[in-house]
Amino acid sequence: MISNQMIQNTIDEVSKISGMDFFVLDNEANVLAGTEGSCDEYLPAARAFIEGEDDKGIILRCWFYKIYEEREPEFILIVKGDTRDNEMVGRMLVFQIESLLMAYKDRYDKDDFIKNLLLDNLLFVDIMNRAQKLHITMRKDRVVIMVETEHEKDNNILETVKGLFMNGRDVITAVDEKDVIIVHETDPDETYDDIDRLAWTLVDMLGSEAMTGARVAYGTVIHDLKEVSRSYKEAKMALDVGKIFYTERLVNAYSKLGIGRLIYQLPLPLCKMFISEIFGEEGPIQFDEETLGTVDKFFENNLNVSKTSRELYIHRNTLVYRLDRLVERTGLDIQTFDGAITFQIALMVMKYMSYLESSI
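These numbers were taken from a predicted model, which means no experiment stands behind them.

Caption draft 1: Structural view of the pairing of strand 1 (residues 22-26). Judged by how many residues are buried, strand 1 sits mostly within the fold: five of five residues are covered. Neither face of strand 1 is left uncovered, since the one carrying Phe22, Val24 and Asp26 and the one carrying Phe23 and Leu25 both have all their residues buried. In this structure, strand 1 lies alongside strand 5 (residues 72-80), joined through five bridges in antiparallel fashion. Across the sheet, residue Phe23 finds its bridge partner in strand 5, namely Ile78. Direction of pairing for strand 1 relative to strand 2 (residues 31-34): antiparallel, over a ladder of three bridges. Note on strand 2: the bridge partner recorded for Phe23 is Gly34. In sequence, strand 1 turns back onto strand 2 through a hairpin of four residues, with Ala29 there showing a positive phi of about 65 degrees.

See the structure below:
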């Protein structure tokens, strides 16, 4: 159902052009929109007109019209004035509103179809039949892009996203109140680098126009409409993995999740077993920000003590002292490759366990 505001905007524009006044009522004679004055004097006549068989007629020196959706009367249009000009404008307005109803229904049907497709709620035969009815091509390259904003989804965010996808081939929808989902039909020469640039454009646009921070993730390119749900699941995983392990990244691709993808798929009991093996039965050790910052910089510089101490603005011996303290607490010497990789994985598993426990 189109909104009352959309109907109001439509009759306001026609009123500006024609200089005529209109009222739109539902099929129970409730006033939904109007341009000038009161409609009360026409309500009894409107109720009688609804019960009658005529599609249009002159009543109380006004033109009355029934507006149909799928052969059922949905609205009543009242055009004040009984001239031929009033009749012509009334017929045009009926056509305009009926076209809006049809366009909105097509969009709703398409949106509903895509949502069920993303959630894998359709059989293959249903996908083919509905795609044919909605004139959606089955064999096309597509990729699902997910956008998560700091605030719950609103019209401003949706309109900003839609403004970037004006080609009519892409579908913008949502399956919850937080994420915006784009099923993007890629061009034949479009690469993953192009998709990555598109994702960054979304981040920048939402930051500058919608004034909200955003994270964007995307799955792999699929070649058939029935595979859209797979690309959606990949994009969703990329979004979650990015939030858990790569908090500094605002754009994440499923194909570039690295070891985070493996850890994300581990069950919680296995994670706890691994942490117990590393840190003992007491469980994970809590590290302060200074220690974590030192370790991150050390890993970033490929275990180079001299370079890390310079970038942290500390003496080399101070860095070595911090690393030795870490060995005492954990039993892991991160100056060796084995110790470094074990400690890095342990930190990631701890982050994942915190995420799982907070999600319960």
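Caption draft 2: Local environment of the packing of aromatic side chains. Scanning the entire structure with this criterion turns up nine aromatic pairs. On the basis of an interplanar angle of 75 degrees and a centroid distance of 5.5 Å, the ring pair of Phe287 and Phe343 is categorised as edge-to-face. With Phe287 in the loop between helix 9 (268-279) and helix 10 (289-300) and Phe343 in helix 13 (residues 337-359), the pair connects residues that are 56 residues apart, well separated along the chain. Residue classification places Phe343 among the buried positions, given a relative accessible area of 0%. An angle of 20 degrees between the planes, with centres 6.5 Å apart, marks the rings of Tyr352 and Tyr355 as stacked. Of this pair, Tyr352 and Tyr355 both sit in helix 13, three residues apart, which is roughly one turn of that helix. Exposure remark for Tyr352: the relative accessible area of 5% places this residue in the buried category. Look at Tyr355 and you get partly exposed, because its relative accessible area is 25%.

Scoring rules and cut-offs
- Residues numbered from 1 in each chain as written.
- Predicted model: local features only at pLDDT ≥ 70, side-chain atom pairs only at ≥ 80, totals over all residues.
- Heavy atoms only, no water.
- Buried < 20%, exposed > 50% of the residue type's maximum accessible area, 1.4 Å probe, protein only.
- Helix = DSSP H or I, 4+ residues; strand = E, 2+ residues; numbered from the N terminus.
- Pairing = 2+ DSSP bridges.
- Phe/Tyr/Trp six-rings, centres within 6.5 Å; stacked < 30°, edge-to-face > 60°.

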